[in-house]
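# A closer look at the structure
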Amino acid sequence: MKLILGSGSPRRKELLAQLGLVPDEIRSPDINEDPQKAELPRPYCARMAREKVLAVPRADDEVVLCADTTVALGRRIMGKPADEKECAAFLLAMSGRRHRVITAVAVAHGDRVWEADVVTTVKMKRLSDDELNSYLASGDWRGKAGGYGIQGPAGAFIPWIQGSYSAVMGLPVAETANLLLAAGYPVYGDRA
């Protein structure tokens, strides 16, 4: 059985490696990731993971794993910022407040799909102008939901979380292992 990672995210590949898993192939799906009108963050995130896993072609002996991470401030979905100005707006909106990071995972094998989502509450400290400007200049915000990655320099802005650290990084390790096992993929032991 082959494991196909439907994501070009280096973080997801690293998190799979924590389970001792190396994907046989990476196939990034190409889907429209725009939220629907009035769509709430958690259903949006689950829909994205499901649409991604269904968009990746797979053979009978392949298990496909896809995920989506969304940052939510109340009902607002904060996707990947288009530019530095939008990133600054996201970070200033979250500064000194709590927000939620939702990561949905979908695993497909044969004609079945297994899904889970994890919601983690994250507190961001109040950011000074120096902190904000230094972070924006680092460029670390590019391609990251909400404009930050907890595993990078922005980790210094996060005094606490309630939930799954690996989910905030982009792949909840415990839930992913359970979904792969449910799909019949041998997470533990011999995969030969």
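Refer to the structure above for everything that follows.
To keep things clear, this report deals only with the structure shown in the data block. (Residues numbered from 1 in each chain as written. Predicted model: local features only at pLDDT ≥ 70, side-chain atom pairs only at ≥ 80, totals over all residues. Heavy atoms only, no water.)

We now examine the side chain of Arg-11. Here Arg-11 shows up in helix α1 (residues 10-18). Despite its burial, Arg-11 pairs with no opposite charge, the nearest such side chain being Glu-14 at 6.7 Å. Residue contacts for Arg-11: discarding those within four places in its chain leaves Lys-144, Gln-151 and Met-169. (Helix = DSSP H or I, 4+ residues; strand = E, 2+ residues; numbered from the N terminus. Buried < 20%, exposed > 50% of the residue type's maximum accessible area, 1.4 Å probe, protein only. Lys, Arg positive; Asp, Glu negative; His and termini not counted. Salt bridge = Lys/Arg side-chain N within 4 Å of Asp/Glu carboxyl O. Contact = heavy atoms within 4.5 Å.)

On to the nonpolar core. Formed by 45 residues in total, the largest nonpolar core has its most connected members in Leu-91, Met-94 and Tyr-148. Per-element tally for this core: the top contributor is helix α3 (residues 84-94), with six residues. With 13 residues, the next largest nonpolar core counts Ile-4, Ala-46, Val-53 and Ile-102 among its residues. (Core = buried A, V, L, I, M, F, W, Y, C linked by side-chain atoms within 4.5 Å.)

By the definition in use, this model includes nine salt bridges. Across the pair Arg-42 and Asp-117 runs a salt bridge whose closest N-O atoms are separated by 2.6 Å. Of this pair, Arg-42 sits in helix α2 (residues 41-55) while Asp-117 sits in strand β6 (residues 112-123); the two residues are 75 residues apart in sequence, bridging distant segments of the chain. Assessed through its relative accessible area of 42%, Arg-42 is described here as partly exposed. Residue classification places Asp-117 among the partly exposed positions, given a relative accessible area of 27%. With a shortest N-O distance of 2.9 Å, Arg-50 and Glu-115 are connected by a salt bridge. Within this pair, whereas Arg-50 is found in helix α2, its partner Glu-115 is found in strand β6, the two being separated by 65 residues in sequence.

Another point: the packing of aromatic side chains. Tallying each qualifying case throughout the model produces one aromatic pair. With 5.8 Å between their ring centres and 75 degrees between their planes, Tyr-135 and Phe-157 make a pair best called edge-to-face. With Tyr-135 in helix α4 (residues 129-138) and Phe-157 in the loop between α4 and β7 (160-162), the pair connects residues that are 22 residues apart, well separated along the chain. In this pair, the class of Tyr-135 matches that of Phe-157, namely buried. (Phe/Tyr/Trp six-rings, centres within 6.5 Å; stacked < 30°, edge-to-face > 60°.)

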